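# Geometric and topological summary
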Amino acid sequence: MSERRNIKRIYINSKGKIKDFLLSEKSREFFIFLFFFLIASGFWLLQTLNNDYETEFSIPVRLKGVPDDVVITSEPVPEVRVRVKDKGTVLLNYMLGKSFYPITLDFSDYKGKDNVVHIYALQYSKKVISQLNASTALLTMKPDTLEYIFSTGTSKRLPVRLRGQVSAGRQYYLSDTIFRPDSVLAYAPAGMLDTVSTIYTQWVEVENISDTLRRQVALQNQKGVKLVPASVEMMLPVDIYTEKTVEVPLIGVGFPANKVLRAFPSKVQVTFQVGLSRFRQIGAKDFSVQLAYDELLQLGSDKYTVKLKKIPAGVSQVRINPSQVDFLIEQAPYYYGN
């Protein structure tokens, strides 16, 4: 109850102070000054707006009447920048109230050579001038030439390739780069289409990937070429490395019928890193250690440094134990030559 009384008292006191201020001599002087200030500002604004100024506006551009068998392969210009000159009052009307209609161009009205259409500013300036006041001067239009490159149904399916840098985190590796779709249709004039063999993505940079990455990526634009679709889904499968050891036998090759190889040991241990998803798929059969007869004769020693003749794809950090073996070339038992 006491709080209500305090609030009421504060309200009455504040109301009284405001009323006293508004009825005071200083308050009347302030409002008189403000009144004449606003009048002066209005006259100044009218005088200022009566001067000539230059400004720019954007007017949309639309291309209509494109036949069904024609594909516009270049990126159409979405708007034209128009620079005009007039009194400030007129320009202010453009800025606040005037809305410009799009410049509509009919494809059939313009003929091009080699599948290229050039529409110069003089050809569509009337469509701009008709929307301006009679007092408004049209100074420039940018761009001064509209260019459209088109194809009459000529297309080619091209593969998609990655453009960029991608890397996996420690103990991980990228097992593949997959695009969906893996190829796109490219539309372009026949002569231009013959020069294009691959479509690349826009620059992609990803580091330290530790899990399969999926991302929608845009394809790199090429002047005069339209791509369908214009973007693809990129998938970067990531696998983790694990270590595996297999025993691989030493095999002699090129030996005469009366000679045999004796190696000590007869097998070596091959240790390597492989992705976890391929751990069970890679075995001893995927490696090969071959000791060539002619090479052993040229060594001048009974020790051979083991070299792998065959290594499966997708393995890394390959180590051999022991790295050297002893060998003998012996007469084959039970051999009966002519």
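This text goes with the structure placed above it.
### What to know about helix 3 (residues 88-96)
Looking only at helix 3, the buried set comprises Gly88, Val90, Leu91 and Tyr94. Projected onto a plane normal to the axis of helix 3, the buried residues spread over an arc of 160 degrees and lie on a single side.

### Topic: the pattern of salt bridges
Within the structure shown, the criterion is met by nine salt bridges. The shortest N-O distance in the salt bridge between Arg319 and Glu243 comes to 3.3 Å. In this pair, Arg319 sits in strand 23 (residues 315-321) while Glu243 sits in strand 18 (residues 238-253), placing the two residues 76 residues apart along the sequence. Using a relative accessible area of 43% as the deciding quantity, one classes Arg319 as partly exposed. Close ionic contact of Lys307 with Glu295 constitutes a salt bridge, the shortest N to O distance being 3.1 Å. On the criterion of sequence distance, the pair formed by Lys307 in the loop between strand 22 (303-305) and strand 23 and Glu295 in helix 6 (residues 293-299) is long-range, its members being 12 residues apart. By relative accessible area, Glu295 is classed as partly exposed at 30%. Connected via shared salt-bridge partners are Glu54, Glu56, Arg81 and Arg83.

### Structural notes on the packing of aromatic side chains
This structure, assessed with the given rule, holds four aromatic pairs. Measuring from ring centre to ring centre gives 5.0 Å for Phe272 and Phe287, while their planes differ by 40 degrees; the resulting arrangement is tilted. Here Phe272 is found in strand 20 (residues 267-275), whereas its partner Phe287 is found in the loop between strand 20 and strand 21 (289-292), with 15 residues between them in sequence. Each member of the pair, Phe272 as well as Phe287, is classed as buried. Over the face of the ring belonging to Phe279 we find Lys244, whose NZ or CZ atom lies 4.8 Å from the ring centre.

Cut-offs used in this document
- Residues numbered from 1 in each chain as written.
- Predicted model: local features only at pLDDT ≥ 70, side-chain atom pairs only at ≥ 80, totals over all residues.
- Heavy atoms only, no water.
- Buried < 20%, exposed > 50% of the residue type's maximum accessible area, 1.4 Å probe, protein only.
- Helix = DSSP H or I, 4+ residues; strand = E, 2+ residues; numbered from the N terminus.
- Arc of directions from axis to C-beta.
- Salt bridge = Lys/Arg side-chain N within 4 Å of Asp/Glu carboxyl O.
- Phe/Tyr/Trp six-rings, centres within 6.5 Å; stacked < 30°, edge-to-face > 60°.
- Lys NZ or Arg CZ within 6 Å of the ring centre and 35° of its normal.

Any functional reading would require information beyond the geometric quantities listed.
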